[in-house]
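As a plain string of letters, each chain reads:
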Amino acid sequence: MKSEPSEYSIDDLKRDTKAPWYGVRNYQARNFMRDLMQPGDAVLFYHSSCPEPGVAGLAEVIGEPYPDSTQFDPKSPYFDPKATKEKPCWMLVDLEFKKRFERIISLAALRQEKKLQELIILRPGNRLSITPVTQKEFETIVQRAA
DNA sequence: GCCAACGTTGGC
DNA sequence: GCCAACGTTGGC
């Protein structure tokens, strides 16, 4: 899951311990979250749009997906006039902090790893803020942090 | 349903 | 700040 550290970083999650992942407004990313995520799932926390983009740590999904309340709030930048409480459009999950890597696993390092050639986030032009990762990809990345 | 214009993302 | 790659919007 991507986040701009100037908005919300792994250190923010460490401080808060838990956080709702609100503000996803892309259908494909929402579908991954809604259809694939389950409590207990491990999450790679990725810092984007920053001096050193890369995987900054680990989190865990701690509940079923549920409606993102910011879509109903006219004062929120994530307000969506098409959404109603009867028919919510956008979902979120709650995350719990697990680990902050001592060093960021940089995007450059991810690109150098042959086992990660299929990683969605490395595909040209990919901008999705939430993407699935295979078990092997996950293990390869976590090993790099050791 | 097509497509041009526009907005956003995100690395560099 | 630039720019490529998308996604979204809205006229037709």
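Here the structure is shown first, and the text comes after it.
These numbers were taken from a predicted model, which means no experiment stands behind them. (Residues numbered from 1 in each chain as written. Chains lettered and ligands numbered in written order. Predicted model: local features only at pLDDT ≥ 70, side-chain atom pairs only at ≥ 80, totals over all residues. Heavy atoms only, no water.)

**Concerning the environment of I130**
Along the polypeptide, I130 turns up in the loop between α3 (107-112) and α4 (135-145). Relative accessible area serves as the criterion here: at 2%, I130 is assigned to the buried category. For I130 and A29, which are 101 residues apart along the polypeptide, the C-alpha to C-alpha distance reads 5.0 Å. The contact partners of I130, leaving out residues within four places of it in the chain, are M1, W21, V24, A29, F32, M33 and M37. (Helix = DSSP H or I, 4+ residues; strand = E, 2+ residues; numbered from the N terminus. Buried < 20%, exposed > 50% of the residue type's maximum accessible area, 1.4 Å probe, protein only. Contact = heavy atoms within 4.5 Å.)

**Quick notes on the pairing of strand β7 (residues 94-106)**
Bridging between strand β2 (residues 18-20) and β7 involves 3 bridges; their strand directions are antiparallel. When the bridges of β7 are listed, A19 appears paired with L95. Here strand β4 (residues 54-61) pairs with β7 via 7 bridges, running antiparallel. Paired with V61 across the two strands is L95, which belongs to β7. (Pairing = 2+ DSSP bridges.)

**A short note on the protein's contact with DNA strand C**
Neighbouring DNA strand C are the residues Y27, Q28, P124, G125 and R127. What you see for DNA strand C is that sugar and phosphate hold 67% of its atoms within 4 Å of the protein. Between DNA strand C and the protein, one listed contact pairs a phosphate oxygen with a backbone N or O atom of P124 at 3.5 Å. At 2.7 Å from a base oxygen of DNA strand C is found a side-chain nitrogen or oxygen belonging to R127. The residue makeup of the surface near DNA strand C, split by class, is 2 nonpolar, 2 polar and 1 charged. (Near = heavy atom within 4 Å. Polar contact = N/O pair within 3.5 Å; in protein donor to acceptor, adjacent residues only side chain to side chain. Nonpolar A, V, L, I, M, F, W, Y, C, P; charged D, E, K, R; others polar.)

**Concerning the protein's contact with DNA strand B**
Neighbouring DNA strand B are the residues K2, Y46, S48, S49, P53, L107 and R127. Each atom of DNA strand B within 4 Å of the protein belongs either to a base or to sugar and phosphate, the latter forming 74%. Within the surface near DNA strand B, the residues separate by chemical class into 3 nonpolar, 2 polar and 2 charged.

**Quick word on the packing of aromatic side chains**
All chains considered together, the criterion is met by 4 aromatic pairs. With 6.5 Å between their ring centres and 85 degrees between their planes, Y8 and W21 make a pair best called edge-to-face. With a gap of 13 residues between them, Y8 in the loop between β1 (2-3) and α1 (10-16) and W21 in the loop between β2 and α2 (27-36) connect regions that are remote in the sequence. With a centroid separation of 5.5 Å and an interplanar angle of 85 degrees, the aromatic rings of W21 and F45 are classed as edge-to-face. Residue W21 is located in the loop between β2 and α2, and its partner F45 is located in strand β3 (residues 42-47); the two are separated by 24 residues in the primary sequence. With respect to class, W21 is no different from F45; both count as buried. In textbook terms, an aromatic cluster arises when at least three aromatic residues are bridged by ring pairs, as seen for Y8, W21 and F45. (Phe/Tyr/Trp six-rings, centres within 6.5 Å; stacked < 30°, edge-to-face > 60°.)

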